[in-house]
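Structure at a glance
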Amino acid sequence: MIGLAGIGSAYGVTIAGNAALGALKKNEEAFGNYIVLCALPGTQGLYGFMGYFILQGVLTPEISWLQAGAVFGAGLALGFVALLSAIRQGQVCANGIAAIGSGYNVFGNTMILAVFPELYAIIAFAATFLISTAIL
């Protein structure tokens with residue numbers, strides 16, 4: 001979960017960062033907006049990291065096969081959801097950055113639309129929490 005979520009966040013922030021570099025050529029004054037939008041896809045990596053801390057209490061030498069399967073399944077689910085949502089959120093942010101660079105006032109709208117891909121990472125994180133409480 002940490003690896004997949006981290007890879008997704010790395011891709012997502014790179015997609016948004018590349019767009020910010022292009023937009024800086026047109027509109028340097030909006031650099032603060034670009035930074036915020038570039039950072040958003042990085043949150044999915046944090047969800048993967050927090051998911052590990054939630055499940056680490058189960059990872060003991062006495063773990064059962066059922067518990068191990070639940071941890072593995074939760075880790076894969078959170079990892080893949082975070083991977084894909086971070087990449088897609090980076091694309092949404094990149095489009096908003098390009099529009100801001102072209103002079104449009106769409107920062108707030110972009111923030112709202114960028115929340116939608118992240119919602120699924122939050123749901124996967126919540127499911128990981130529920131799984132952890134069920135297998136303890």
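Here the structure is a predicted model, which is why all the values come from computation and not from measurement.

So, how was this worked out
- Residues numbered from 1 in each chain as written.
- Predicted model: local features only at pLDDT ≥ 70, side-chain atom pairs only at ≥ 80, totals over all residues.
- Heavy atoms only, no water.
- Axes fitted to C-alpha atoms, helices over the stretch in contact; angles between N-to-C directions.
- Helix = DSSP H or I, 4+ residues; strand = E, 2+ residues; numbered from the N terminus.
- Parallel < 35°, antiparallel > 145°, perpendicular 65-115°, else oblique.
- Contact = heavy atoms within 4.5 Å.
- Nonpolar A, V, L, I, M, F, W, Y, C, P; charged D, E, K, R; others polar.
- Disulfide = S-S within 2.5 Å.

**Focus: the packing of helix α1 (residues 2–24) against helix α3 (residues 43–55)**
Between α1 and α3, the least distance of the axes is 7 Å, while the angle of their chain directions is 170°. If you check the angle between α1 and α3, you find them roughly antiparallel. Contacts between α1 and α3 involve Ile2, Ala5, Gly6 and Ser9 from the former and Thr43, Gln44, Gly45, Gly48, Phe49 and Tyr52 from the latter. Residues belonging to the contact of α1 with α3 are distributed by class as follows: four nonpolar, six polar and no charged.

**Concerning the packing of α3 against helix α4 (residues 65–101)**
Between two packed helices, what matters for the description is the angle formed by their axes and the separation of those axes. Running from N to C, α3 and α4 cross one another at 170°; their axes reach a closest spacing of 8 Å. The orientation of α3 relative to α4 falls into the category roughly antiparallel. Where α3 approaches α4, its residues Thr43, Gln44, Tyr47, Gly48, Gly51 and Leu55 are matched on the opposing element by Val71, Ala74, Leu78, Ala82, Ser85, Ala86 and Gln89. Residues of the contact of α3 with α4, tallied by class, amount to seven nonpolar, six polar and no charged.

**Some details on the state of the cysteines**
Following the criterion strictly, the structure yields zero disulfides and no others. In this structure Cys93 is a free cysteine whose sulfur lies 7.8 Å from that of Cys38, the closest cysteine sulfur available.

**Focus: the side chain of Thr128**
With respect to the element layout, Thr128 can be found in helix α5 (residues 107–135). Filtering out sequence-adjacent residues up to four positions away, Thr128 remains in contact with Gly51, Ile54, Leu55, Ala74 and Leu78.

Read these as spatial facts, not as claims about activity.
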